[in-house]
Amino acid sequence: MGILTELTTLLPAASILTSKEELLPYECDGLSVYKGLPLAVVLPENISQAQAILKLCQREQTPVIARGAGTGLAGGAMPTEGAVVLSLAKFKQVLDIDAENRTATVQPGVRNLAISEAVAHLGLYYAPDPSSQIACTIGGNVAENSGGVHCLKYGLTVHNVLGLKLLNMDGELIELGGKTLDDAGYDLLAIMHGSEGLLGVIVEVTVKLLPKPELAQVVLAAFDDVEKAGQAVANIIAEGIVPAGLEMMDALAIQAAEAFAKVGYPIDAEAIILCEIDGTEDGVADYIGKVEQVLQQAGATQVRTSQNEAQRLQLWAGRKAAFPAVGRLAPDYYCMDGTIPKAKLPFVLSEIARWSKEYDLPVANVFHAGDGNMHPLILYDANKTGELEKTETFGRKILALCVEVGGTITGEHGVGVEKLDSMCVQFGKGELKQFFAIKDAFDGYGLLNPGKAVPTLHRCAELGGMHVHDGQLSHPELERF
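Keep in mind the model is a prediction, meaning the values are calculated, not measured.

## What to know about the state of the cysteines
Simply put, disulfide is the name for a covalent bond between the sulfur atoms of two cysteines.
Here's step 1: On inspection of all chains with the given rule, the structure shows one disulfide.
Here's step 2: Sulfur-sulfur distance for the disulfide between cysteine 424 and cysteine 460 comes to 2.0 Å. On the S-S bond that ties cysteine 424 to cysteine 460, the torsion sits near -80°, and the link is left-handed. Linking cysteine 424 in helix α15 (residues 420–426) with cysteine 460 in helix α17 (residues 457–462), this pair joins segments that are 36 residues apart in sequence.
Here's step 3: For the unlinked cysteine cysteine 28, the closest cysteine sulfur is that of cysteine 335, found at 15 Å.

Below is the structure:
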């Protein structure tokens, strides 16, 4: 029997998709530039079925790509030819809510926002809040180590997950962590975060819950200069203030978000900062006053603070809608994801603006300013010959600059297929070998999400002008920085 025939012995017919029409919705994730059709898509309903699928694929040496909601932005869930896509869409139950220990155990297909909705009546919530939280799943959040606007104070997914259950390629069920704060031995729980489906298939997640703060307020500050806004971000942190969220948007992003969401953003500003403070009423009042003072001293042309919960949510609604809003400005846009030291923000923004003119490609900047995670959105038209290639070159240049100023090529979107070449800029030969050693330890068959996240040494050596030597990689283009 062929693998497709054998799959019918493991799952109901309706849970196996093989026709082109059925496979097309799975040809890409949120990065639609890169596409591919798998051999099949399977939708198991329980762990036993998922185990059987993995065992079959291991025996037949068929690659497996685990997929959540497909909201990723780096091509991490893009199918490869001959692979089986293992969708966790039916794993969507909240298994346990432990209010006393402030934990929730959920299946990987549970939406990020659904966790907070399930525990809201207890006065609790789950802190990480990616902009796609209405749709993205917790399993995908773990695979990419997602962040969100509140990651500055409350951390990324890795800081809010206590335990995982996952399947390896043999179908073996592995349990890492649990409801306790620490575990003996190596921190394998952390290594699964950001592993992008290369090490195992997540089938259960135990997350940490937090009590809802007594009060939260947002300060909006407008600036007539992007570099002033960037400096204001650094000033807030330098004052010892730790906001719940600290976001920044430039003029193009502001105008797009306001036209789309109509939340009252000042469309004549060159940049705005959104700074949220949460905690007790007295504590919030004290820190809000300090934030307002710092922003005014930094040259803000306008400072205003939400006076109730509705206003707070309205101000965040524009930021949360920024990505779809920018999508109305051009036929296509390329969403970058790099992280830099906050002190380098003004310089990096000025370089992006210079390159935007050089490449004749508009850029809208939206980012988590508090932790230096930038999301430059490069506007282009894929229907114009050579424009996609020009956009990708521009994007790689931005990521190379992030590395050169002391940052990294990704903050929360992952590497996937999008940033494989940029990995060669950040990591040397020795480091890449260690990545492959970890991959081999978890997936000796090399069948879990192959060709993603970690480039081969041969690929890095092949890149124009880039070469491997003594465990390091260099590129002539970086010498200018």
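## Overview of the sheet that holds strand β2 (residues 40–42)
Here's step 1: Read from one edge to the other, the open sheet built from four strands follows the order β1-β2-β4-β3, with strand pairing classed as mixed. Each edge of the open sheet carries a strand with a single partner, namely β1 (16–17) and β3 (64–67).
Here's step 2: Sheet topology note: the β2/strand β4 (residues 84–87) ladder contains three bridges and is parallel. Of the residues in β4, the one forming a bridge with valine 41 is valine 85.
Here's step 3: Packing of helix α3 (residues 47–59) onto the sheet brings it into contact with β2, β3 and β4, and relative to β4 it is tilted by some 165°.

## Re the sheet that holds strand β9 (residues 173–177)
Here's step 1: Taken in spatial order, the five strands of this open sheet run β5-β6-β10-β8-β9, and their pairing is antiparallel. Of all the strands in the sheet, just β5 (94–98) and β9 have a single pairing partner and so form its edges. Each adjacent strand pair in this sheet contributes to an overall mean axis angle of 10°, direction not counted.
Here's step 2: The pairing of strand β8 (residues 161–167) with β9 spans five bridges and is antiparallel. In the strand pairing of β9, glycine 163 is matched with glycine 177.
Here's step 3: The sheet strands contacting α3 are β8, β9 and β10 (201–208), and the helix crosses β8 at an angle near 50°.

## A closer look at the packing of helix α8 (residues 226–238) against helix α10 (residues 281–297)
Here's step 1: Running from amino to carboxyl end, α8 crosses α10 at an angle of 140°, the nearest separation of the two axes being 9 Å. Relative to α10, the crossing made by α8 is right-handed. Contact residues: Ala232, Asn235 and Ile236 in α8; Val291, Val294 and Leu295 in α10.
Here's step 2: When its residues are assigned to classes, the contact of α8 with α10 shows five nonpolar, one polar and no charged.

## Observations concerning the packing of aromatic side chains
Here's step 1: Using the criterion set out here, one finds three aromatic pairs in the structure.
Here's step 2: With a centroid separation of 5.1 Å and an interplanar angle of 10°, the aromatic rings of tyrosine 359 and phenylalanine 394 are classed as stacked. Taken as a pair, tyrosine 359 in helix α13 (residues 345–359) and phenylalanine 394 in helix α14 (residues 387–404) lie far apart in primary sequence, 35 residues in all. Residue tyrosine 359 shares its accessibility class with phenylalanine 394, and that shared class is buried.
Here's step 3: When the ring of phenylalanine 427 is compared with that of phenylalanine 435, the centres are 5.1 Å apart and the planes differ by 85°; the resulting orientation is edge-to-face.
Here's step 4: Look at phenylalanine 427 and you get buried, because its relative accessible area is 18%.
Here's step 5: With relative accessibility at 29%, the residue phenylalanine 435 sits in the partly exposed group.

Reading the values: the criteria
Residues numbered from 1 in each chain as written. Predicted model: local features only at pLDDT ≥ 70, side-chain atom pairs only at ≥ 80, totals over all residues. Heavy atoms only, no water. Disulfide = S-S within 2.5 Å. Helix = DSSP H or I, 4+ residues; strand = E, 2+ residues; numbered from the N terminus. Pairing = 2+ DSSP bridges. Contact = heavy atoms within 4.5 Å. Axes fitted to C-alpha atoms, helices over the stretch in contact; angles between N-to-C directions. Left-handed = near helix turned anticlockwise from the far one by under 90°. Nonpolar A, V, L, I, M, F, W, Y, C, P; charged D, E, K, R; others polar. Phe/Tyr/Trp six-rings, centres within 6.5 Å; stacked < 30°, edge-to-face > 60°. Buried < 20%, exposed > 50% of the residue type's maximum accessible area, 1.4 Å probe, protein only.

Spatial relationships are all this shows, so hold off on functional conclusions.
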